[in-house]
Amino acid sequence: MGFSRKNYLAALAGLVLVWLAVRFLLPLIRPFLLGLALALAAEPMTRFLETRLRLPRQAAAALGVSLAFCLLALLLTVLCAAVLRQLRSLAGILPGLEDAARRGLDLVQANLLALAARAPRRLRPMLTENLRLLFSDGSTLLGKITAWLLGLAGGLLGRLPDSALGFGTGVLSAFLISARLPKIRRWLLGKIPEDKRNLLLTRLKRLRRMLRGWLTAQLKLMS
């Protein structure tokens, strides 16, 4: 009984620690995780510049991360252009969608009133009155939906300055991480036993091949 209680308390403490890490620690380290991802994405180009062109590690890291950042910015630009094009198309059909929604609400109200008319005589007045009150102003429901969508868009726009600051911090950290990535890798490998290290490297290589194949397929589809 005591052993089960200890396991339960340990699991509960682990969940609390995970929640605290996600709630408070993740927003702080998110820019550095972004920088690490950008540095790892730029590592093949950085290694090529360092080994083939005989550039110093710092210069190769600066060029590699810059090229990776330019590629990322190009992909984001293409994605944003596609989203804006779809939003313009959506703005053109919104009036028709509103009319269709109003007609749909009127049709639903008519069908429900017809069903209420078939109810027992004592229940008909109550059902009819409640249905008329529910559908008395269909524009109110549409207005609430529109206000919610506008509030959501405003909240996203309000987060843009903080996101830009975090993104800039991530890009700057990518340069620093990329310049010291070989030292960081050697330090981490020195802390891991050899058998676990080989297993981890095998899995990482497999994951890298999968991600490379997925990215290649996505680029082909986009082209």
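These numbers were taken from a predicted model, which means no experiment stands behind them. (Residues numbered from 1 in each chain as written. Predicted model: local features only at pLDDT ≥ 70, side-chain atom pairs only at ≥ 80, totals over all residues. Heavy atoms only, no water.)

*Asks:* A description of the overall build of the protein should follow, citing residues and the corresponding values.
*Replies:* A tally of helices and strands in the protein yields seven helices and zero strands. Secondary structure elements in the protein, listed N-terminal to C-terminal, are α-α-α-α-α-α-α. By residue count, 13% of the 223 residues in the protein fall in the buried class. Excluding contacts between residues fewer than 6 apart, the proportion of contacts in the protein whose partners are at least 24 apart in sequence is 62%. (Helix = DSSP H or I, 4+ residues; strand = E, 2+ residues; numbered from the N terminus. Buried < 20%, exposed > 50% of the residue type's maximum accessible area, 1.4 Å probe, protein only. Contact = heavy atoms within 4.5 Å.)

*Asks:* Can you break down the nonpolar core residue by residue, with the values?
*Replies:* Residues Leu-38, Ala-42, Val-65, Ala-68, Val-171 and Ala-174 constitute the largest nonpolar core, which totals six residues. Looking at this core, the elements with two or more residues in it are helix H1 (2-51), helix H2 (57-117) and helix H5 (160-179). (Core = buried A, V, L, I, M, F, W, Y, C linked by side-chain atoms within 4.5 Å.)

*Asks:* Mind laying out unusual backbone geometry, listing which residues take part and the relevant values?
*Replies:* Even without glycine at this site, Arg-54 takes up a positive phi of about 60°. Inspection of the secondary structure assignment puts Arg-54 in the loop between H1 and H2. The exposed category is assigned to Arg-54, whose relative accessible area is 70%.

*Asks:* Residue-level account of the pattern of salt bridges, with values.
*Replies:* A complete count under the given rule lists three salt bridges for this structure. Salt-bridge contacts for Glu-50 lead to Arg-57; the nearest nitrogen and oxygen are separated by 2.9 Å. Look at Glu-50 and you get partly exposed, because its relative accessible area is 27%. Sharing partners across several salt bridges, the network here consists of Glu-43, Arg-47, Glu-50 and Arg-57. (Salt bridge = Lys/Arg side-chain N within 4 Å of Asp/Glu carboxyl O.)

*Asks:* Lay out a positive patch on the surface with the relevant residues and their values.
*Replies:* Taken together, the side chains of Arg-180, Lys-183, Arg-185, Arg-186, Arg-203, Lys-205, Arg-206, Arg-208, Arg-209 and Arg-212 present a region of like positive charge at the surface. No other element matches helix H7 (residues 194-222), which puts six residues into the positive patch. Within the secondary structure, Arg-180 is located in the loop between H5 and helix H6 (181-191). (Patch = residues over 30% accessible without salt bridge, like charges linked within 9 Å, V, L, I, M, F, W, Y side chains within 5 Å. Areas by Shrake-Rupley, 256 points an atom, 1.4 Å probe, with all protein chains shown as cover. Lys, Arg positive; Asp, Glu negative; His and termini not counted. Charge placed at Lys NZ, Arg CZ, Asp CG, Glu CD.)

*Asks:* Talk me through a nonpolar patch on the surface; I want residue IDs and the actual numbers.
*Replies:* A surface patch of nonpolar side chains, amounting to about 860 Å² of accessible area, comprises Val-18, Val-22, Leu-25, Leu-26, Leu-28, Ile-29, Phe-32, Leu-33, Leu-36 and Leu-40. Structurally, Phe-32 is set in helix H1. Its relative accessible area of 44% is what places Phe-32 among the partly exposed residues.

*Asks:* An account of the side chain of Thr-46 is needed here, citing residue identities and associated values.
*Replies:* Here Thr-46 lies in helix H1. Accessibility expressed as a relative area gives 0% for Thr-46, which makes it buried. Looking at Thr-46, its side chain comes within polar contact range of the main-chain oxygen of Ala-42, at 2.8 Å. (Polar contact = N/O pair within 3.5 Å; in protein donor to acceptor, adjacent residues only side chain to side chain.)

*Asks:* A description of the environment of Ala-119 should follow, citing residues and the corresponding values.
*Replies:* Residue placement: Ala-119 occurs in the loop between H2 and helix H3 (124-134). The exposure class assigned to Ala-119 is buried, which follows from its relative accessible area of 12%. Residues in contact with Ala-119, not counting those within four places in the same chain, are Arg-124 and Leu-127.

*Asks:* Can you tell me about the layout of surface pockets, naming the residues and giving the values?
*Replies:* Volume-wise, the largest pocket comes out at about 1700 Å³. Contributing to the lining of the largest pocket are 34 residues, with Leu-40, Ala-41, Glu-43, Pro-44 and Arg-208 lying nearest its centre. At the level of secondary structure, the elements contributing two or more residues to the lining of the largest pocket comprise H1, H2, H6 and H7. When residues of the lining of the largest pocket are assigned to their parent elements, the largest contribution, 11 residues, is made by H7. Residues belonging to the lining of the largest pocket are distributed by class as follows: 27 nonpolar, one polar and six charged. (1 Å grid on protein atoms, 1.4 Å probe; cavity = no way out; pocket = protein on both sides within 12 Å on 5 of 7 lines; lining within 4 Å. Points joined across faces, edges and corners; volume = space filled by probe spheres on them. Nonpolar A, V, L, I, M, F, W, Y, C, P; charged D, E, K, R; others polar.)

*Asks:* Which residues make up the side chain of Ser-178, and what values do they have?
*Replies:* With respect to the secondary-structure elements, Ser-178 resides in helix H5. Among the residues examined, Ser-178 registers a relative accessible area of 0% and is labelled buried. When near neighbours in sequence (up to four residues on either side) are disregarded, Ser-178 contacts Ala-39, Thr-46, Arg-57, Ala-61 and Val-65.

*Asks:* Can you tell me about the confidence of the model for the protein, naming the residues and giving the values?
*Replies:* Taken residue by residue, the protein gives an average pLDDT of 76. The fraction at 70 or more is 78%. Between the elements of the protein, mean pLDDT differs from a low of 59, seen in helix H4 (residues 138-158), to a high of 81, seen in H6. (pLDDT = per-residue confidence, 0-100.)

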